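# Structural characterization, general
In case you want the letters, here they are:
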Amino acid sequence: MNNIPNRQVICEVLLEKAAIDKDVIVLCSDSRGSASLEKFANTYPSQFVEVGIAEQSLVSISAGLARCGKKVFAASPACFLSTRSMEQCKVDVAYSNTNVKLIGISGGISYGALGMTHHSAQDIATLAAIPNMRVYLPSDRHQTRKLIEQIGQDEKPAYIRVGRNPVEDVYDESSIPFELDKASIVTDGDDLTIIACGEMVKPSQDAALELKKQGINVRVIDMYCLKPLDKEVIIKAAKETKRIITIEEHSPIGGLGTMVSQVVAEHYPVKVKNLALPDEAVVAGKSQEVFDYYRLNAKGLIETAMELINDGK
Amino acid sequence: MQNLRAKSFEIRKSIWNMIYKAKAGHVGGDFSVCDILVSLYYKHMNIEPDEIDSPLRDRFILSKGHSVEAYYSVLADRGFFPKEDLETFSQFKSKYIGHPNNKVNGVEMNSGSLGHGLSVGVGMAIAGKMDHLPYNVYVVMGDGELAEGSVWEGAMAAGHYKLDNLIAVIDRNRLQISGTTEEVMTQDSQEERWRSFGWHVLTTDGNNYDALDHAFKEAKKVKGKPTMIIAETTKGYGISFVEGKREWHHKVPNAEEYLKGLEELEERRRAANE
């Protein structure tokens, strides 16, 4: 049972980076606690900037620092960072091409019962539509570490969304497959493909294990890199498995499902089923309760897989 | 010592030409902000075309990005890129687009969407403090722009962090696209507003070089606070039939107006030289 949330891993990596590089700077908008960055703020106060509850200036100040050579990580709840600050992300970060890594914390419906104000079900759609902005939703803590380590070495803009709660490990720490901007294959199979991102990878893995018992071999693709999207792996899956399910903690519009469907329709049309949050304010509840309600879980995936397979018979 | 007032009319001629040729631009704000830019780029800022990546350079952000014709004209005249490049302004595939573009030599940040520049400047000023570098950060805003809430997020942060290496200027020409600033959204009193956010505040004549000189010299000496220079200007300053006229916010001169305006700018340039 893992009890380390991905946000805490980000803090650990940033502490390691800051220890050897004084240009690594972290900014928060009264969000150091929720971002698990309290330790960073206390350990490297001269490399930490608090901007108060002001997400627009959080992003603009980050861009100004980056223009002066700083390697900036700005952490704020994903809901505010992706929509309230969208214009600053577009103009000051993406368009001006500044080295700012936008860390969207408590993404998706992490803040379950807090309501739509605190849900970020639009962040993939909004930020991926901006030229020169990369979008990543890592699945587990090990992948989060690899991702932050690697993108921390480049000088380009990126948005990274992580959830609030610990996620069960998808990968073994010792043998995690990771190549930047290439999707990771969690399980291989030729009967059906599930393409997932973020917290939805784990239930996909669980569903694949369960389906295997029934003789159905499922390929699970961890598309942590929403942009640049790994198109090759999608086309290959369409050709080899003929059926695709996508699953995401996001609006059904403009997220992983939309992107995968676009690629499949253009390059190798096969049946694609999109599982996502509904296009409405979601019901209140702990995130797992909300996922279960909308069938964003292993059970929902298994049922959808059976529908797809029976459909073709 | 260059005659900056004469220089400013040369710059205004360049602006007038750019707008006439491109059939696009924001002449009113270009002309009001022109003297602020000339004072900074020819006298007060430490920035040279052959040192645009120097960590010691002063940083400049034109937050009122629509005054780009003035900005490009000044940069070209100061040698950041060939003056002939201005001929391509707003033309197909040109990088000299209608708002500052950091693909253009000398432009630090893209701007155009109002209310961004001050907070970006705050970030640059914090970086200067972190690195103990002696540069200043200059941000020029419009007065209509001050209705953007994000301006005040930046104002707050600059005051909080006591950024005395940050000098902001408001081009207070009192006109915006729909009318006077006071009709559209009350902006007085700027002095009180910025002071209450922890800034050192100066009001000056933004179309007068001695006054601007005095203001920038004072701003550079201020310790422990960012400085706001409220530069009272005349929108369209330089051509009598453009001055103070709302419709000249982004009007393009016709052939007759163009020639008449050019003549007046040349007359004023000559007069300034005498």
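In the nomenclature of an unreviewed UniProt entry, chain B corresponds to Transketolase from the organism Sporanaerobium hydrogeniformans.

In the nomenclature of an unreviewed UniProt entry, chain A corresponds to Transketolase from the organism Sporanaerobium hydrogeniformans.

### Some points on the overall build of chain A
Scanning chain A from N- to C-terminus turns up twelve helices and twelve strands. Relative to the compact-globule value of 20 Å for 313 residues, chain A shows a C-alpha radius of gyration of 19 Å, a close match. Out of the 313 residues belonging to chain A, those deemed buried represent 57%. Taking contacts inside chain A between residues at least 6 apart in sequence as the whole, the part at least 24 apart equals 77%.

### Things to note about the sheet that holds strand S6 (residues 158-161) of chain A
Residues and elements named next belong to chain A. What the seven strands build is an open sheet, ordered S2-S1-S3-S4-S6-S5-S10; its pairing is mixed. Unpaired on one side and paired on the other, strand S2 (48-50) and strand S10 (225-227) mark the two borders of the sheet. Direction aside, the axes of adjacent strands within the sheet are offset by 20° on average. The pairing of strand S1 (residues 24-28) with strand S3 (residues 71-77) spans five bridges and is classified as parallel. Bridge pairing in S3 links cysteine 28 to alanine 75. With respect to the sheet, helix H1 (residues 6-20) is in contact with S1, S3 and strand S4 (100-105), its orientation differing from that of S1 by roughly 145°.

### Brief notes about the sheet that holds strand S8 (residues 192-196) of chain A
Residue and element names in this part refer to chain A. Strand order in this open sheet of five strands is S7-S9-S8-S11-S12, and the pairing throughout is mixed. Each edge of the sheet is formed by a strand with only one pairing partner; in this case those strands are strand S7 (184-187) and strand S12 (271-275). Sheet twist, expressed as the mean angle between neighbouring strand axes with direction ignored, is 25°. Where S7 lies against strand S9 (residues 218-222), three bridges are found, and the strand directions are antiparallel. Residue pairing for S9: isoleucine 185 is matched across the bridge by isoleucine 221. Set on the sheet, helix H8 (residues 201-213) makes contact with S7, S8, S9 and strand S11 (243-247); between it and S9 the angle comes to about 170°.

### Description of the pairing of strand S1 (residues 59-62) of chain B
Residues in a regular strand project their side chains so that they alternate between the two faces of the sheet. Residues and elements named next belong to chain B. Side-chain alternation along S1 places Arg59 and Ile61 on one buried face and Phe60 and Leu62 on a second face that is also buried. In the sheet, S1 pairs with strand S2 (residues 137-142) via four bridges, with the strands oriented parallel. Across the sheet, leucine 62 pairs through a bridge with valine 140, a residue of S2.

### Here we look at the interface of chain A and chain B
Tallying the contact residues gives 22 residues for chain A and 20 residues for chain B. Where the side of chain A that touches chain B is concerned, the elements lending two or more residues are helix H3 (55-67) and helix H5 (86-95) of chain A. If you tally residues by element for the side of chain A that touches chain B, the top one is H3(A), at nine residues.

### Digging into the domain arrangement of chain A
All names here are of chain A. Segmentation of chain A into domains returns domain 1 (6-161) and domain 2 (181-311). Once you take the C-alpha centre of each, domain 1 and domain 2 turn out to be 26 Å apart. Taken together, the contact pairs 21 residues of domain 1 with 26 residues of domain 2. Mapped onto the side of domain 1 that touches domain 2, the elements with two or more residues apiece are helix H6 (123-128), strand S5 (134-136) and helix H7 (141-151). By residue class, the composition of the side of domain 1 that touches domain 2 is twelve nonpolar, seven polar and two charged.

### Overview of the environment of A:Cys225
Topologically, A:Cys225 is positioned in strand S10. Residues A:Cys225 and A:Lys71, spaced 154 residues apart in sequence, show a C-alpha to C-alpha distance of 21 Å.

### Structural notes on helix H8 (residues 209-221) of chain B
All names here are of chain B. Between the first and last C-alpha of H8 there are 18 Å, a value that for 13 residues agrees with the 18 Å anticipated at 1.5 Å per step. Buried residues of H8: Leu212, Ala215, Phe216 and Ala219, and no others. Along the axis of H8, the buried positions cluster into a sector of 95°, meaning they face one direction only. Those residues of H8 that are exposed and angled more than 90 degrees off the buried face are Asp210, Lys217 and Lys221. In the core, the buried residues of H8 are packed alongside helix H2 (27-44), strand S3 (166-172), strand S6 (200-205) and strand S7 (227-232).

### Thoughts on the pairing of S8(A)
Residues and elements named next belong to chain A. Within S8, five of the five residues are buried, leaving the element largely enclosed by the surrounding structure. Because side chains alternate across S8, one face comprises the buried residues Leu192, Ile194 and Ala196, and the other comprises Thr193 and Ile195, equally buried. With five bridges connecting them, S8 and S9 associate as parallel partners. Residue pairing in the sheet places isoleucine 194 in a bridge with valine 220 of S9. For the segment spanning S8, H8 and S9, crossover handedness is right-handed. Bridge analysis of S8 against S11 gives four bridges, and the strand direction is parallel. In the sheet register, alanine 196 faces S11, and the bridge partner there is isoleucine 247.

### Structural notes on the nonpolar core
What tends to happen in soluble globular proteins is that the nonpolar side chains get buried as a cluster. By size, the foremost hydrophobic cluster in this structure holds 176 residues, and its most contacted members are A:Leu27, A:Ala74, A:Ile194, A:Met223, A:Leu226 and B:Leu37. The biggest single contributor to this core is H2(B), with nine residues. Structurally, this core is a two-domain feature, drawing no fewer than three residues from each of domain 1 (6-161) and domain 2 (181-311) of chain A. With residues near it in sequence (within four places) discarded, A:Ala74 still touches A:Leu27, A:Leu58, A:Val59, A:Ser62, A:Val100, A:Leu102 and A:Ile103.

### Quick notes on the packing of H3(A) against helix H5 (residues 149-160) of chain B
One can describe the packing of H3(A) onto H5(B) by two numbers: an axis separation of 9 Å at closest approach and a directional angle of 65°. With respect to each other, H3(A) and H5(B) are oriented roughly perpendicular. For the element pair H3(A) and H5(B), the recorded crossing hand is right-handed. From H3(A), A:Gln56, A:Ser57, A:Ser60 and A:Ile61 reach across to H5(B), where they touch B:Ser150, B:Glu153, B:Gly154 and B:Ala157. Residues that form the contact of H3(A) with H5(B) fall into these classes: two nonpolar, five polar and one charged.

### Re unusual backbone geometry
Each neighbour pair has its own omega, and for A:Lys227 with A:Pro228 the value is 5°, a cis peptide bond. With respect to the secondary-structure elements, A:Pro228 resides in the loop between S10 and helix H9 (231-241). Of the consecutive residues B:Asp188 and B:Ser189, the connecting peptide bond is found in the cis state with omega at 0°. Its location among the elements puts B:Ser189 in the loop between helix H6 (181-184) and helix H7 (190-196). Positive phi outside glycine occurs at A:Asp30, with the angle close to 60°. Assignment of secondary structure puts A:Asp30 in the loop between S1 and helix H2 (38-43). Exposure remark for A:Asp30: the 14 C-beta atoms within 10 Å place this residue in the partly exposed category.

The rules behind the values
Residues numbered from 1 in each chain as written. Chains lettered and ligands numbered in written order. Predicted model: local features only at pLDDT ≥ 70, side-chain atom pairs only at ≥ 80, totals over all residues. Helix = DSSP H or I, 4+ residues; strand = E, 2+ residues; numbered from the N terminus. Rg over C-alpha atoms; globule rule 2.2 N^0.38 Å. Buried ≥ 20, exposed ≤ 12 C-beta atoms within 10 Å, placed from the backbone. Contact = placed C-beta atoms within 7 Å. Pairing = 2+ DSSP bridges. Axes fitted to C-alpha atoms, helices over the stretch in contact; angles between N-to-C directions. Domains from an automatic or database assignment. Nonpolar A, V, L, I, M, F, W, Y, C, P; charged D, E, K, R; others polar. Expected span 1.5 Å × (residues − 1). Arc of directions from axis to C-beta. Right-handed = clockwise from strand over helix to strand, strands pointing away. Core = buried A, V, L, I, M, F, W, Y, C linked by C-beta atoms within 7 Å. Parallel < 35°, antiparallel > 145°, perpendicular 65-115°, else oblique. Left-handed = near helix turned anticlockwise from the far one by under 90°.

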